[in-house]
Amino acid sequence: MSARVKRRVEVYVWEPVVRWCHWIIVVCIFVLAITGYLIGNPIPLTQGGELAMGRMRLIHSVTALVFATAVLLRLVWLFVGNQYANWRGLIPVSPQRRKNAFETLKFYLFLRLKSPGSVGHNALAGMAYAAVYILFVIEIITGYALYTMSSTEGIGWIIRVFGAQEVRFVHHLLTWVFLMFFVHHVYSVFLCAMSERDGLVEAMFDGYKFKEEEKLEAREG
(Lines give C-alpha, C1' and ligand atoms only; values in the text may rest on other atoms or scores of the structure.)
Protein backbone atom coordinates (compact mmCIF):
# COMPACT_ATOMS: atom_id res chain seq x y z
CA MET A 1 0.00 0.00 0.00
CA SER A 2 1.42 3.37 -0.94
CA ALA A 3 1.96 5.95 1.76
CA ARG A 4 -0.66 8.67 1.93
CA VAL A 5 0.53 11.96 0.46
CA LYS A 6 0.11 14.79 2.93
CA ARG A 7 -1.49 17.76 1.19
CA ARG A 8 -0.14 21.19 2.04
CA VAL A 9 -2.16 24.36 1.78
CA GLU A 10 -1.06 27.96 1.52
CA VAL A 11 -2.01 30.13 4.50
CA TYR A 12 -1.79 33.92 4.58
CA VAL A 13 -0.18 34.63 7.94
CA TRP A 14 1.84 37.83 8.13
CA GLU A 15 0.15 41.06 7.11
CA PRO A 16 2.16 43.85 5.42
CA VAL A 17 2.33 45.91 8.62
CA VAL A 18 3.89 42.99 10.51
CA ARG A 19 6.42 42.28 7.77
CA TRP A 20 7.40 45.93 7.27
CA CYS A 21 7.75 46.56 11.00
CA HIS A 22 9.89 43.44 11.31
CA TRP A 23 12.39 44.51 8.65
CA ILE A 24 12.43 48.18 9.67
CA ILE A 25 13.22 47.17 13.25
CA VAL A 26 16.02 44.84 12.06
CA VAL A 27 17.66 47.57 9.98
CA CYS A 28 17.22 50.16 12.73
CA ILE A 29 18.84 47.95 15.36
CA PHE A 30 22.01 47.61 13.30
CA VAL A 31 22.15 51.31 12.40
CA LEU A 32 21.55 52.28 16.03
CA ALA A 33 24.14 49.79 17.28
CA ILE A 34 26.82 51.10 14.91
CA THR A 35 26.12 54.80 15.45
CA GLY A 36 25.67 54.25 19.19
CA TYR A 37 29.04 52.54 19.39
CA LEU A 38 30.69 55.42 17.54
CA ILE A 39 28.98 57.97 19.79
CA GLY A 40 30.34 56.10 22.82
CA ASN A 41 33.79 55.86 21.21
CA PRO A 42 34.03 59.21 19.39
CA ILE A 43 36.38 59.96 16.53
CA PRO A 44 39.23 62.27 17.64
CA LEU A 45 38.14 65.85 17.04
CA THR A 46 40.70 66.56 14.36
CA GLN A 47 40.16 67.38 10.72
CA GLY A 48 36.40 67.10 10.52
CA GLY A 49 35.94 64.75 13.47
CA GLU A 50 33.48 67.07 15.19
CA LEU A 51 31.34 67.27 12.02
CA ALA A 52 31.44 63.48 11.65
CA MET A 53 30.26 62.96 15.24
CA GLY A 54 27.47 65.47 14.73
CA ARG A 55 26.29 63.45 11.77
CA MET A 56 26.47 60.23 13.81
CA ARG A 57 24.24 61.75 16.47
CA LEU A 58 21.80 62.98 13.82
CA ILE A 59 21.63 59.55 12.15
CA HIS A 60 21.21 57.90 15.56
CA SER A 61 18.40 60.27 16.56
CA VAL A 62 16.48 59.97 13.26
CA THR A 63 16.85 56.17 13.23
CA ALA A 64 15.69 56.01 16.84
CA LEU A 65 12.53 57.90 15.84
CA VAL A 66 11.88 55.44 12.99
CA PHE A 67 12.56 52.53 15.35
CA ALA A 68 10.16 53.86 17.99
CA THR A 69 7.46 54.40 15.37
CA ALA A 70 7.82 50.82 14.04
CA VAL A 71 7.71 49.37 17.56
CA LEU A 72 4.64 51.44 18.45
CA LEU A 73 2.86 50.38 15.25
CA ARG A 74 3.62 46.71 15.93
CA LEU A 75 2.31 47.06 19.49
CA VAL A 76 -0.89 48.62 18.14
CA TRP A 77 -1.15 45.72 15.68
CA LEU A 78 -1.28 43.32 18.62
CA PHE A 79 -4.88 44.51 19.04
CA VAL A 80 -6.01 45.34 15.48
CA GLY A 81 -4.12 42.76 13.39
CA ASN A 82 -5.21 39.29 12.30
CA GLN A 83 -5.21 36.25 14.59
CA TYR A 84 -1.52 35.55 13.95
CA ALA A 85 -0.42 39.09 14.83
CA ASN A 86 -2.69 39.24 17.89
CA TRP A 87 -1.25 39.42 21.41
CA ARG A 88 -2.66 35.94 22.07
CA GLY A 89 -0.10 34.73 19.53
CA LEU A 90 2.67 35.97 21.85
CA ILE A 91 1.32 35.15 25.29
CA PRO A 92 0.24 31.48 25.73
CA VAL A 93 -3.12 32.01 27.42
CA SER A 94 -4.68 28.75 26.20
CA PRO A 95 -3.73 25.19 27.28
CA GLN A 96 -3.02 24.35 23.63
CA ARG A 97 -0.49 27.18 23.36
CA ARG A 98 1.17 26.24 26.64
CA LYS A 99 1.52 22.66 25.39
CA ASN A 100 3.01 23.99 22.16
CA ALA A 101 5.56 25.98 24.19
CA PHE A 102 6.59 22.86 26.12
CA GLU A 103 6.87 20.70 22.99
CA THR A 104 8.85 23.41 21.18
CA LEU A 105 11.25 23.64 24.12
CA LYS A 106 11.78 19.88 23.87
CA PHE A 107 12.58 20.34 20.16
CA TYR A 108 15.14 23.08 20.90
CA LEU A 109 16.72 20.80 23.53
CA PHE A 110 16.87 17.95 20.98
CA LEU A 111 14.40 15.85 22.99
CA ARG A 112 12.11 15.45 19.97
CA LEU A 113 13.06 15.17 16.30
CA LYS A 114 10.57 17.55 14.73
CA SER A 115 9.19 20.92 15.70
CA PRO A 116 5.51 20.74 16.79
CA GLY A 117 4.86 23.62 14.42
CA SER A 118 2.43 26.51 14.52
CA VAL A 119 0.66 28.52 11.84
CA GLY A 120 1.82 31.82 13.35
CA HIS A 121 4.55 32.10 15.98
CA ASN A 122 5.19 28.96 17.97
CA ALA A 123 4.30 29.60 21.63
CA LEU A 124 7.90 29.68 22.86
CA ALA A 125 8.92 32.18 20.19
CA GLY A 126 5.84 34.25 21.01
CA MET A 127 6.90 34.58 24.64
CA ALA A 128 10.43 35.53 23.58
CA TYR A 129 9.10 38.22 21.23
CA ALA A 130 6.84 39.58 23.98
CA ALA A 131 9.89 39.92 26.24
CA VAL A 132 11.90 41.54 23.44
CA TYR A 133 9.19 44.13 22.80
CA ILE A 134 9.18 45.04 26.49
CA LEU A 135 12.94 45.55 26.22
CA PHE A 136 12.39 47.63 23.07
CA VAL A 137 10.15 49.97 25.07
CA ILE A 138 12.77 50.24 27.83
CA GLU A 139 15.43 50.98 25.20
CA ILE A 140 13.27 53.72 23.69
CA ILE A 141 12.55 55.29 27.09
CA THR A 142 16.20 55.25 28.21
CA GLY A 143 17.33 56.59 24.84
CA TYR A 144 14.85 59.45 24.96
CA ALA A 145 15.83 60.18 28.56
CA LEU A 146 19.49 60.46 27.53
CA TYR A 147 18.51 62.66 24.60
CA THR A 148 16.62 65.08 26.86
CA MET A 149 18.88 64.82 29.92
CA SER A 150 20.00 68.45 29.63
CA SER A 151 16.46 69.71 29.07
CA THR A 152 13.64 70.44 31.47
CA GLU A 153 11.21 68.95 28.95
CA GLY A 154 10.59 65.34 27.95
CA ILE A 155 11.49 62.58 30.41
CA GLY A 156 14.82 63.91 31.63
CA TRP A 157 13.50 63.28 35.16
CA ILE A 158 14.45 59.63 34.67
CA ILE A 159 18.08 60.72 34.64
CA ARG A 160 17.61 62.65 37.88
CA VAL A 161 15.91 59.68 39.56
CA PHE A 162 18.15 56.82 38.39
CA GLY A 163 21.35 58.63 37.40
CA ALA A 164 22.86 59.29 33.98
CA GLN A 165 25.45 56.50 34.13
CA GLU A 166 22.90 53.91 35.24
CA VAL A 167 20.47 54.83 32.45
CA ARG A 168 23.30 54.88 29.90
CA PHE A 169 24.45 51.45 31.12
CA VAL A 170 20.96 49.95 30.67
CA HIS A 171 20.65 51.54 27.22
CA HIS A 172 24.05 50.19 26.19
CA LEU A 173 23.50 46.74 27.70
CA LEU A 174 20.20 46.24 25.89
CA THR A 175 21.93 46.89 22.56
CA TRP A 176 24.09 43.82 23.14
CA VAL A 177 21.03 41.84 24.28
CA PHE A 178 19.31 42.63 20.96
CA LEU A 179 22.38 41.66 18.95
CA MET A 180 22.68 38.36 20.81
CA PHE A 181 18.96 37.74 20.34
CA PHE A 182 19.42 38.36 16.62
CA VAL A 183 21.95 35.51 16.42
CA HIS A 184 19.60 33.16 18.28
CA HIS A 185 16.62 34.33 16.22
CA VAL A 186 18.31 33.58 12.89
CA TYR A 187 19.43 30.16 14.14
CA SER A 188 15.99 29.17 15.47
CA VAL A 189 14.17 30.45 12.37
CA PHE A 190 16.28 28.38 10.00
CA LEU A 191 16.14 25.38 12.36
CA CYS A 192 12.33 25.44 12.43
CA ALA A 193 12.12 26.21 8.70
CA MET A 194 14.20 23.13 7.86
CA SER A 195 12.23 20.96 10.29
CA GLU A 196 8.73 22.06 9.28
CA ARG A 197 9.42 22.95 5.60
CA ASP A 198 6.61 25.48 5.78
CA GLY A 199 8.17 28.50 4.06
CA LEU A 200 8.88 30.21 7.38
CA VAL A 201 11.70 32.38 6.00
CA GLU A 202 9.87 33.29 2.80
CA ALA A 203 6.76 34.20 4.81
CA MET A 204 8.49 37.30 6.15
CA PHE A 205 8.68 38.56 2.56
CA ASP A 206 5.36 37.47 1.03
CA GLY A 207 3.26 36.66 4.11
CA TYR A 208 2.42 33.05 3.18
CA LYS A 209 3.29 29.80 4.97
CA PHE A 210 2.49 26.22 4.00
CA LYS A 211 0.82 23.82 6.41
CA GLU A 212 -0.45 20.26 6.22
CA GLU A 213 -4.19 20.42 5.60
CA GLU A 214 -5.02 17.90 8.32
CA LYS A 215 -3.13 19.85 10.98
CA LEU A 216 -4.67 23.10 9.86
CA GLU A 217 -8.18 21.64 10.02
CA ALA A 218 -7.48 20.18 13.48
CA ARG A 219 -6.25 23.54 14.70
CA GLU A 220 -9.25 25.42 13.34
CA GLY A 221 -11.58 22.78 14.72
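Above: the structure in question.
What comes next is a walk through the structure. (Residues numbered from 1 in each chain as written. Predicted model: local features only at pLDDT ≥ 70, side-chain atom pairs only at ≥ 80, totals over all residues. Heavy atoms only, no water.)

Moving on, we come to helix α4 (residues 123-147). Relative to the 36 Å expected for 25 residues at 1.5 Å per residue, α4 spans 36 Å between its end C-alpha atoms, a close match to the ideal helical length. Restricting attention to buried positions, one finds in α4 the residues Ala123, Ala125, Gly126, Tyr129, Val132, Tyr133, Phe136, Glu139, Thr142, Ala145 and Leu146. Put simply, Asn122 is the residue that caps the front of α4, since its side-chain oxygen is 3.1 Å from the backbone nitrogen of Leu124. (Helix = DSSP H or I, 4+ residues; strand = E, 2+ residues; numbered from the N terminus. Expected span 1.5 Å × (residues − 1). Buried < 20%, exposed > 50% of the residue type's maximum accessible area, 1.4 Å probe, protein only. Polar contact = N/O pair within 3.5 Å; in protein donor to acceptor, adjacent residues only side chain to side chain.)

Let's shift gears to unusual backbone geometry. For Phe110, which is not a glycine, the phi torsion comes out positive at approximately 60 degrees. Its place among the elements puts Phe110 in the loop between α3 (95-108) and α4. Given the relative accessible area of 63%, Phe110 is considered exposed.

In this structure, the largest pocket encloses a volume near 1,100 Å³. Lining the largest pocket are 32 residues, and of these Ile39, His60, Gly143, Leu146 and His171 sit closest to its centre. Looking at the lining of the largest pocket, the elements that each hand over two or more residues are α1 (16-40), α2 (49-80), α4 and α6 (164-196). If you tally residues by element for the lining of the largest pocket, the top one is α1, at nine residues. The residue inventory of the lining of the largest pocket, partitioned by class, reads 20 nonpolar, nine polar and three charged. Every residue lining the second largest pocket is counted, 39 residues in all, and those nearest its centre are His22, His121, Tyr129, His185 and Val189. Of all elements in the fold, only α1, α4, α6 and α7 (200-206) reach the threshold of two or more residues within the lining of the second largest pocket. (1 Å grid on protein atoms, 1.4 Å probe; cavity = no way out; pocket = protein on both sides within 12 Å on 5 of 7 lines; lining within 4 Å. Points joined across faces, edges and corners; volume = space filled by probe spheres on them. Nonpolar A, V, L, I, M, F, W, Y, C, P; charged D, E, K, R; others polar.)

Any functional reading would require information beyond the geometric quantities listed.
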